[in-house]
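Coordinate inspection notes
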Amino acid sequence: ARGLVRSCHDCSDGGLGAALAETAFAGGLGLSVDLRRVPAEGIRRNDELLFSESQSRFVATVRPEAGTAFEARLAGCEIACVGKVLAEGVLRIEGLGETGVVEADLAGLKAAWRKPLAF
């Protein structure tokens, strides 16, 4: 109602990785994400963090100038800024270590995502 959220997607169907990709597809904009910033106690593997279908987790995009107000509205909830929206059409994910785990063109990802639906 306050116009803080630009988009929001749950992580229950395919996990964080799918939610990030689908968020990028919907907006036609890229994302740069750092998995080290994701609240995830006890998780040490990139695949577990990216594809765990955890309940009650969301990926939200917020304009930079609305970030403080957004975080204030969610006071008491576990929340973290894990990345940023990119103008270029790429999904870039840095892993829990010092290396990248995903660097993919959105058009190619979206084509692969849609292929099973084209029956």
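As the structure is a computational prediction, the values presented were derived from the model and not from experiment.

A short note on the pattern of salt bridges
A full pass over the atoms with the stated rule returns 5 salt bridges. Of the charged contacts, one joins Arg-63 and Glu-65 as a salt bridge, the two residues approaching to 2.9 Å between their closest N and O atoms. Overall, Arg-63 belongs to the partly exposed group, its relative accessible area being 28%. What you see here is one network of salt bridges that share partners, running through Glu-88, Arg-92 and Glu-103.

Describing the packing of aromatic side chains
Tallying each qualifying case throughout the model produces 1 aromatic pair. With a centroid separation of 5.2 Å and an interplanar angle of 50°, the aromatic rings of Phe-25 and Trp-113 are classed as tilted. Residue Phe-25 is found in helix α1 (residues 15–27), and its partner Trp-113 is found in helix α4 (residues 106–114); the two are separated by 88 residues along the sequence.

Remarks on the nonpolar core
One recurring pattern in soluble globular proteins: nonpolar side chains tend to sit buried together. Ranked by size, the top nonpolar core spans 18 residues in total, and within it Leu-16, Leu-20, Val-33, Leu-35, Leu-91 and Ile-93 carry the most contacts. Residues in contact with Ile-93, not counting those within four places in the same chain, are Leu-20, Val-33, Leu-35, Leu-50, Gly-100, Val-101 and Val-102.

Quick notes on the rules
- Residues numbered from 1 in each chain as written.
- Predicted model: local features only at pLDDT ≥ 70, side-chain atom pairs only at ≥ 80, totals over all residues.
- Heavy atoms only, no water.
- Salt bridge = Lys/Arg side-chain N within 4 Å of Asp/Glu carboxyl O.
- Buried < 20%, exposed > 50% of the residue type's maximum accessible area, 1.4 Å probe, protein only.
- Phe/Tyr/Trp six-rings, centres within 6.5 Å; stacked < 30°, edge-to-face > 60°.
- Helix = DSSP H or I, 4+ residues; strand = E, 2+ residues; numbered from the N terminus.
- Core = buried A, V, L, I, M, F, W, Y, C linked by side-chain atoms within 4.5 Å.
- Contact = heavy atoms within 4.5 Å.

Honestly, that's just the spatial picture; any functional story needs more than this.
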